[in-house]
Amino acid sequence: MYALSLLAATASLLLPATFAQELITDDSYFYGQSEPVYPTPETSAPGAWGEAISKAQAFVAQLSLEEKTSITGGVRNASSGCGGNIPSIPRLGFPGLCLADAGNGVRGTDLVNAYTSGITDGASWNKNLTYQRAYHLGGEFRRKGVNIALGPPMIGPLGRIALGGRNWEGFSNDPYHSGVLAGISVHGIQDQGVISCTKHFIGNEQETARNIIVDSNNVTTLSSSSNIDDATLHESYLWPFYDAIHAGSAAVMCSYNRLNNSYACENSKSLNGLLKTELGFPGLVMSDWGAQHSGVASALSGMDMVMPSALAFWGGNLTLSVTNGSVPEGRLDDMATRILAAWYLLGQDSPSHPAPGIGMPGSLLVPHVLVEARVPEARPVLFQSSLEGHVLVKNTNNALPLNRPKILSLYGYDAKTPDDTTPSSLNRDWTFGLQTSGSRYFNCGFGNRIPQNCPAPPAIAANGTLYTGGGSGASTPPYISAPFNAIQECAAKDETVLYWDFRNVNATGFVNAESDAAIVFINAVASEGADRPSLRDDFSDALVTNIAAQHNNTIVVIHNAGIRLVDQWIENPNVTAVIFAHLPGQDSGAALTQLLYGDVSPSGKLPYTIAKNESDYGRILNPIADVGANGEFYRFPQDTFEEGVFIDYRAFDASNIEPRFEFGFGLSYTTFSFANLTVASVGASPSEYPTGQVIPGGQADLWDIVATVTVRVTNTGPVAGQEVAQLYLHIPVEGQPVRQLRGFEKVMLQPGESTIVEFELNRKDLSVWDVEAQRWRLTLGTDYTVFVGNSSRALALNEVLSF
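In this text the structure is predicted, and so the values were computed from the model without any measurement.

Asker: Please clarify how the overall build of the protein chain should be interpreted in this entry.
Answerer: From N to C terminus, the protein chain includes 17 helices and 30 strands. In terms of overall dimensions, the protein chain is globule-like: its C-alpha atoms have a radius of gyration of 26 Å, near the 28 Å expected for 803 residues. Along the first, second and third principal axes, the C-alpha atoms of the protein chain reach 85 × 65 × 65 Å. Across the 803 residues in the protein chain, those meeting the buried criterion constitute 65%. Looking at the protein chain as shown, the accessible area adds up to about 27,000 Å², and 50% of this sits on carbon and sulfur atoms. Where the 48 positive side-chain charges of the protein chain centre and where its 77 negative ones centre are 4 Å apart.

Asker: For this particular structure, what's the right way to read empty space enclosed by the protein?
Answerer: Take a probe with the size of a water molecule and roll it over the atoms, and the empty space left behind shows itself. What the rule picks out here adds up to four cavities of 30 Å³ or more. Taken as a whole, the largest cavity spans an internal volume of roughly 90 Å³. Residue lining of the largest cavity: Ile119, Gly159, Ala162, Asn167, Gly170, Phe171, Ser172, Asn173, Gly562, Ile563, Pro607 and Tyr608, and that is the complete set. The space that makes up the second largest cavity amounts to roughly 60 Å³. Lining of the second largest cavity is provided by Gly103, Asn104, Gly118, Arg133, Pro152, Pro153, Met154, Glu169, Phe171 and Lys199. For the lining of the second largest cavity, a count of residues per class yields four nonpolar, three polar and three charged.

Asker: I'm lost on the nonpolar core in this one. Help?
Answerer: Soluble globular proteins tend to bury their nonpolar side chains together. With 108 residues, the main nonpolar core has Leu275, Ile522, Trp569, Phe580 and Tyr617 as its most contacted residues. With six residues, helix α6 (residues 175-190) is the largest single contributor of residues to this core. For Phe580, the residues in contact, after removing those within four places along its chain, are Gly389, His390, Val391, Val393, Ile558, Asn560, Arg564, Val566, Leu606, Tyr608 and Ile610. Ala45, Cys197, Met253 and Met305 belong to the second-largest nonpolar core, a separate cluster that totals 33 residues.

Asker: Would you mind going over the pattern of salt bridges with me for this structure?
Answerer: Close approach of charged atoms allows side chains with opposite charge to pair. Applying the stated criterion across every chain, the model contains 37 salt bridges. Among the salt bridges present, the one from Arg619 reaches Glu643, with a minimum N-O distance of 3.2 Å. Placement of Arg619 in the loop between α16 (588-596) and β19 (638-640) and of Glu643 in the loop between β19 and α17 (649-654) is noted, with a sequence separation of 24 residues between them. Look at Arg619 and you get partly exposed, because its relative accessible area is 36%.

Asker: What is the right way to read the packing of helix α14 (residues 483-494) against α16 from this model?
Answerer: Where α14 meets α16, the closest approach of the two axes is 8 Å, and the angle between their N-to-C directions is 50°. Considered as vectors, α14 and α16 are oriented oblique to each other. Here the hand of the crossing between α14 and α16 comes out right-handed. Facing α14, whose interface residues are Pro483, Ala486, Ile487 and Cys490, α16 presents Gly589, Ala590, Leu592, Thr593 and Leu596. Residues that form the contact of α14 with α16 fall into these classes: seven nonpolar, two polar and no charged.

Asker: Explanation requested: the side chain of Ser249 in the structure shown.
Answerer: On the secondary structure map, Ser249 appears in the loop between α8 (239-246) and β8 (251-254). A distance of 2.7 Å separates a polar atom in the side chain of Ser249 from a polar atom in the side chain of Thr198. Only 3.0 Å separates the side chain of Ser249 from the backbone oxygen of Ala251, close enough to count as a polar contact. Other than its neighbours up to four places away in sequence, Ser249 contacts Trp49, Val186, Gln190, Ser196, Thr198, Ala244 and Phe281.

Asker: Can you walk me through the packing of helix α13 (residues 379-388) against α16 in this structure?
Answerer: Each pair of packed helices gets described by two things: the angle between the helix axes and the distance between those axes. Look at α13 against α16: their axes get within 9 Å of each other, and the N-to-C directions meet at 55°. Comparing the axis directions of α13 and α16 gives the class oblique. The chirality of how α13 crosses α16 is right-handed. For the pair α13 and α16, contact is made by Phe383, Ser386 and Leu387 and by Ser588, Ala590, Ala591, Gln594 and Leu595, respectively. In terms of residue class, the contact of α13 with α16 is made up of five nonpolar, three polar and no charged.

Asker: Looking at this structure, how should I read the pairing of strand β28 (residues 775-778)?
Answerer: Put simply, side chains in a regular strand alternate between the two faces of the sheet. Pairing between strand β27 (residues 767-770) and β28: four bridges, direction antiparallel. The residue bridging Trp769 from the neighbouring strand is Trp776, located in β28. Once β27 ends, the chain turns through four residues before running back antiparallel as β28, passing Gln774 with a positive phi of about 55°.

Asker: Explain unusual backbone geometry to me, please; I cannot follow it from the model alone.
Answerer: A negative phi angle characterises most non-glycine residues, just as the trans form characterises most peptide bonds. In this model, Pro152 is joined to Pro153 through a cis peptide bond whose omega is 10°. If you trace the backbone, Pro153 turns up in the loop between β3 (148-149) and α6. Within the chain, Gln774 stands out as a residue other than glycine whose phi angle is a positive 55°. Inspection of the secondary structure puts Gln774 in the loop between β27 and β28. Judged by relative accessible area, which is 34%, Gln774 ranks as partly exposed.

Asker: Looking at this model, I keep getting lost on the environment of Ile53. Mind explaining?
Answerer: Inspection of the secondary structure puts Ile53 in helix α2 (residues 47-60). Look at Ile53 and you get buried, because its relative accessible area is 4%. For the pair Ile53 and Ser540, spaced 487 residues apart in sequence, the C-alpha to C-alpha distance is 55 Å.

Asker: Can you help me understand the sheet that holds strand β16 (residues 517-524) in this one?
Answerer: The strands that make up a sheet pair up through hydrogen bonds in the backbone, lying either parallel or antiparallel. Across the sheet, six strands lie side by side as β12-β18-β17-β16-β13-β15; this open sheet has mixed pairing. Edge positions in the open sheet fall to β12 (391-395) and β15 (497-501), since each of these has one partner strand only. Averaged over neighbouring strand pairs, the angle between their axes works out to 15° when direction is ignored. Here four bridges tie β12 to strand β18 (residues 575-580), and the two strands are oriented antiparallel to one another. By the bridge assignment, Leu392 is partnered in β18 with Ile579. Of the strands in this sheet, β13 (407-411), β15, β16 and β17 (554-560) are in contact with α14, which crosses β15 at around 160°.

Asker: Just to check I follow, could you spell out the packing of aromatic side chains for this structure?
Answerer: All chains considered together, the criterion is met by 25 aromatic pairs. Judged by centre distance (5.9 Å) and plane angle (80°), the rings of Tyr242 and Trp776 are edge-to-face. Separated by 534 residues along the polypeptide, Tyr242 in helix α8 and Trp776 in strand β28 bring together distant segments of the chain. Clustering of aromatic rings is evident, with ring pairs tying together Trp125, Tyr176, Tyr649, Phe663, Tyr728 and Phe744. When the ring centre of Phe787 is taken as origin, the NZ or CZ atom of Arg739, which lies over that ring, is 5.5 Å away.

Conventions and cut-offs
- Residues numbered from 1 in each chain as written.
- Predicted model: local features only at pLDDT ≥ 70, side-chain atom pairs only at ≥ 80, totals over all residues.
- Heavy atoms only, no water.
- Helix = DSSP H or I, 4+ residues; strand = E, 2+ residues; numbered from the N terminus.
- Rg over C-alpha atoms; globule rule 2.2 N^0.38 Å.
- Buried < 20%, exposed > 50% of the residue type's maximum accessible area, 1.4 Å probe, protein only.
- Areas by Shrake-Rupley, 256 points an atom, 1.4 Å probe, with all protein chains shown as cover.
- Lys, Arg positive; Asp, Glu negative; His and termini not counted.
- Charge placed at Lys NZ, Arg CZ, Asp CG, Glu CD.
- 1 Å grid on protein atoms, 1.4 Å probe; cavity = no way out; pocket = protein on both sides within 12 Å on 5 of 7 lines; lining within 4 Å.
- Points joined across faces, edges and corners; volume = space filled by probe spheres on them.
- Nonpolar A, V, L, I, M, F, W, Y, C, P; charged D, E, K, R; others polar.
- Core = buried A, V, L, I, M, F, W, Y, C linked by side-chain atoms within 4.5 Å.
- Contact = heavy atoms within 4.5 Å.
- Salt bridge = Lys/Arg side-chain N within 4 Å of Asp/Glu carboxyl O.
- Axes fitted to C-alpha atoms, helices over the stretch in contact; angles between N-to-C directions.
- Parallel < 35°, antiparallel > 145°, perpendicular 65-115°, else oblique.
- Left-handed = near helix turned anticlockwise from the far one by under 90°.
- Polar contact = N/O pair within 3.5 Å; in protein donor to acceptor, adjacent residues only side chain to side chain.
- Pairing = 2+ DSSP bridges.
- Phe/Tyr/Trp six-rings, centres within 6.5 Å; stacked < 30°, edge-to-face > 60°.
- Lys NZ or Arg CZ within 6 Å of the ring centre and 35° of its normal.

This is the structure in C-alpha cells:
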C-alpha cells in the first residue's frame, strides 16, 4: 500500500502541469481487454451435485422474488460473530447461513484450535496430514455452526510477488503443489459437512492497490489490474483451481483486483467463461468482503452472493433489476439455486446440522453460551502438522540435535509469548492475530476505500513469537506454546542451566562462554492489508551476527511468514544450524523442541525458493502498480505478468541463478538414496486433445492416468526419518520451464529400510494450454524427461517418457 502511495504522490504532483491531457479518466479506455462471455451457464453436474441441484431448484420454485434476492446478499447481525450472514426463510425452514474465517482455524471466537498456517502445511509436503488438518478444521467449523468455511484452500495468491503480504496463507509458490493440497483440503473440510470456499479467484497476487485508494486530492484510484495472458493464466494461476473444483469445492470467492482491467467479481470471462464453463463449476461464487463494484454487471457476469452486505448494489436494487428486465429472473434463480445446491450437497438441511452461528457470539466480552469445538482426536494432528512444517536448512558438525546440554543461552524477541492475548474492544490485535506486531500497521489496508497515507508495516513482530500471520486468515489460539516455554520444560528435565536475553539492547547480548549452544529466535511478519517491506531486517541480522561472534555453536530459528533471506550470516562458520519454523500454530514451541532435542528427525521441505540476494527475484520482488511512463494510468494502475509462468524456482532455473536454498530443499538427521527409476505409459496411446465431457474440474479425461513412475527410496542413515520423493517433468515445448513439479510422496523409513514410491501422472500433468485450440494439449511423438530426487535441484535420476 505504501509503495503505491509513493507512486501516487509523485504522479499527483505532476498532474496539473505535465500530463493532465494524457490522464486516462474513464475505464472505457480498457474495454475489450477482457473478453465478454454471456450468459452465465445454469448450474448442472452429474452425481451428488445433480441431486443437490434438483433439490435446490425445487426449493427455489417456492420462493418469492424478494426471498430469492435475500439468499444472495449478506446482512448485518450484531449478535453474531460470523464474518458473513445470509438471512433465514422461516416459512420454508431455511435457517440461513453463517460464513466465517479462515484457513488456519475458526477465527475470533473461543474454544477453538489454532492450526498451522498454509505455508507450514505446504512445507510438510504430507498429503495425509493435509487431509487430517482440513478434516479437523472442518469439524470445528461445523460444531461452531459455520456453514461456509472461508478457506482452506487459499490458492490465490500463488506467491508470485516475493514480498506478497498474504503468501503465508497459501501452501506453495508452485501451482501443482498448491493444487494437490487444495484438492485434498476441500475433501477434508467438506467431509465434515461444511462448504469449503476456495479463494481468491483470480490474480490477486499482492496487497498493494488491491482496493480503491483515495488520494489527498480526493482522486480515486481503482484496484490494480492483473494483466495475465491466456497461457500463463491456465498453466499457473488457474491450475490449482482445477484441483479444488474437481475435488468438489462448493464455493469460490472472487478477488479484489481487476483482471485484464475488469474487476474480478464482475469479470464475465473469468466467472462465466473459465470457472463456470471450462471448469464446469456448479457451486456459488461469492465476493470478497467489499469486492463488489456493480449491481447488474456483477450479476450478469456470474457472481452469485455478495458479502458482507447487499445494501450497496443488490438487495432491493437486485429485485428492481429483475422486475425491470435488467437481470433475467432465470439468472436470479440460478444464483439462488447454486447457493442452495451447496447447502444440500453438504447435508446442511439435516436436522442434526448445528444451527448457523450457534458457537459464534457477537462479543466474547459479555456472557455467552460456550460451544466447545475442539476434540481430542485433533490434538496429534495439530502437533504433527506443526512438527513437519519445520525445515532444517543448515546443520554443520551435527550441531543438532542437542544432547542433554549443560548450559543453553537463548536470545531474540521471537522466543517468548506475546504479552497480551485477550479479546479487546479497543484494538484488533487479537482479532487479526497481530498481538506481537500490532494491527495498526495493517488495518488501514483492509477497507474497500483506502486512504493514501497508510503506515509502512514492520518487517518483524518484535513483541513475541510468531505463530500465525495476520488478517482474516489469522488463527485464534487457546494457548501458545512459545519456544522459551517449551525449552524451559526440557531444561528442567535435563537439569540444563538456561540463560536468556530477549531485550537484546543494541541487537546483542552476553554469552556464557561455556554454553553448549546459543539459540537465536527471530521472525519475519506478514499480514493481509499490506505487502512486506523487505525480505530481511537489519536488527535481526545484527543480532545473529553479534551472538555468533561470541559463540561457535549459534543456532538460528526463524518463524517466517514467507521468504526470509539469510545471506548476511548464513556462511558464518559459527552459525551451525538454521531452521525455518514458518507459522506453526499453538504447538509451536513444543514441536520445535522435539526437533531440537532429536526426538524426531526434521522432514519439512521449502515450498518456495530462498535467494542469495533480493535482486535475484527480479521485477517480481516488489508489488507492482504501474501508473505509466507519464502517469497516464494513475487512476488505473497496471500489473502486467510479463514473466509468464516463470516465478520462483522456474525463474531461477530459466535464468540459471543459483539459489541459497532451492524449492523442495530440506535436511534431515538421516540420509536417503534413490534408485531404480522406472517410467511407463498407461493404456492405449492418448489423443492430442481431451475429448471427455465437462465435469467439475474440466473435461473428464484430463484426470485420466496416462503414465506411472516408480522409484526405490532407502534410508541410508542412522535414525528413522521421513523423506519426500519429488518428481519433476520437462515438457518438450518451447517456452516451458526447464522442470516443473508433477508429483511428490512422503514416506517414513527406519534405518536401512527401503520402499517403492509410485507416482501417477494424469493427462493434464503432461499437457500445455493451446491458446488457439483453447484446450489442453499433449505433445505426441516427442520425449518428455522425468526427473526424481529430493529437491528441485537434487534430481539424481531421470528417464524418458514418450507417447
